[in-house]
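Residues per chain are reported as follows:
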Amino acid sequence: MYKKIIVPVDPAAIAVGEKILTKAKSLLDAGGEIVLLTIIEDIPGYLAIDVPVDLIEGAITDAKAKLVTLKETTGVTAHIEIRSGAPAREILATAEEHKADLIIVGSHVPDFSNYFIGATADRVVRHSKISVLVDR
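Let me begin by describing the structure that accompanies this report.

What counts as what
Residues numbered from 1 in each chain as written. Predicted model: local features only at pLDDT ≥ 70, side-chain atom pairs only at ≥ 80, totals over all residues. Heavy atoms only, no water. Helix = DSSP H or I, 4+ residues; strand = E, 2+ residues; numbered from the N terminus. Buried < 20%, exposed > 50% of the residue type's maximum accessible area, 1.4 Å probe, protein only. Contact = heavy atoms within 4.5 Å. Areas by Shrake-Rupley, 256 points an atom, 1.4 Å probe, with all protein chains shown as cover. Pairing = 2+ DSSP bridges. Right-handed = clockwise from strand over helix to strand, strands pointing away.

Turning next to the overall build of the chain. When helices and strands are counted, the chain shows five helices and five strands. For the chain, the α and β elements follow one another from N to C terminus as β-α-β-α-α-β-α-β-α-β. Among the 136 residues that make up the chain, the fraction classed as buried is 35%. For the chain, the proportion of contacts with a sequence separation of at least 24, taken over those separated by at least 6, is 74%. About 8,000 Å² of surface is accessible on the chain, with carbon and sulfur atoms providing 57% of the total.

Structure below.
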């Protein structure tokens with residue numbers, strides 16, 4: 001069905017990541033590619049001076065290890081990509097750069113600030129030029 005699927009995963013929500021990665025595998029064409037993505041959010045400038053230098057490097061290393069474990073657990077072949085910045089913006093940029101035809105995002109239990117599907121998922125759905133599947 002799809003030739004290239006972007007699967008953004010929050011390293012703090014690996015169970016959701018496992019579910020959407022498995023869904024992506026079921027929707028992938030033979031010979032297609034899955035890009036397993038995580039985004040490390042930037043630290044605001046006013047906090048950066050108080051944050052240890054190796055904190056970001058540690059977050060990147062930890063995220064990569066979790067994604068590798070996720071790939072092994074699910075048995076899904078995927079290209080791992082780690083980016084930094086605002087999650088929604090980076091998800092959309094990754095999809096555009098890879099010429100993806102689907103983004104699969106997981107949703108979480110909402111609070112009042114993001115009642116329906118979540119702030120990042122909502123932004124991706126509203127601004128994406130390609131199909132977005134929101135898995136609840």
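Following the structure, the description resumes.
Our focus in this paragraph is the pairing of strand β1 (residues 2-8). For β1, a buried count of five out of seven residues is recorded, marking the element as mostly surrounded by other parts of the structure. Both β1 and strand β2 (residues 28-40) contribute to a ladder of six bridges, which runs parallel. In the sheet register, Ile 5 faces β2, and the bridge partner there is Ile 34. Since β1 and β2 lie parallel, the crossover through helix α1 (residues 14-27) that links them has a hand, and here it is right-handed. Bridge analysis of β1 against strand β4 (residues 102-106) gives two bridges, and the strand direction is parallel. Bridge pairing in β4 places Ile 5 opposite Leu 102.

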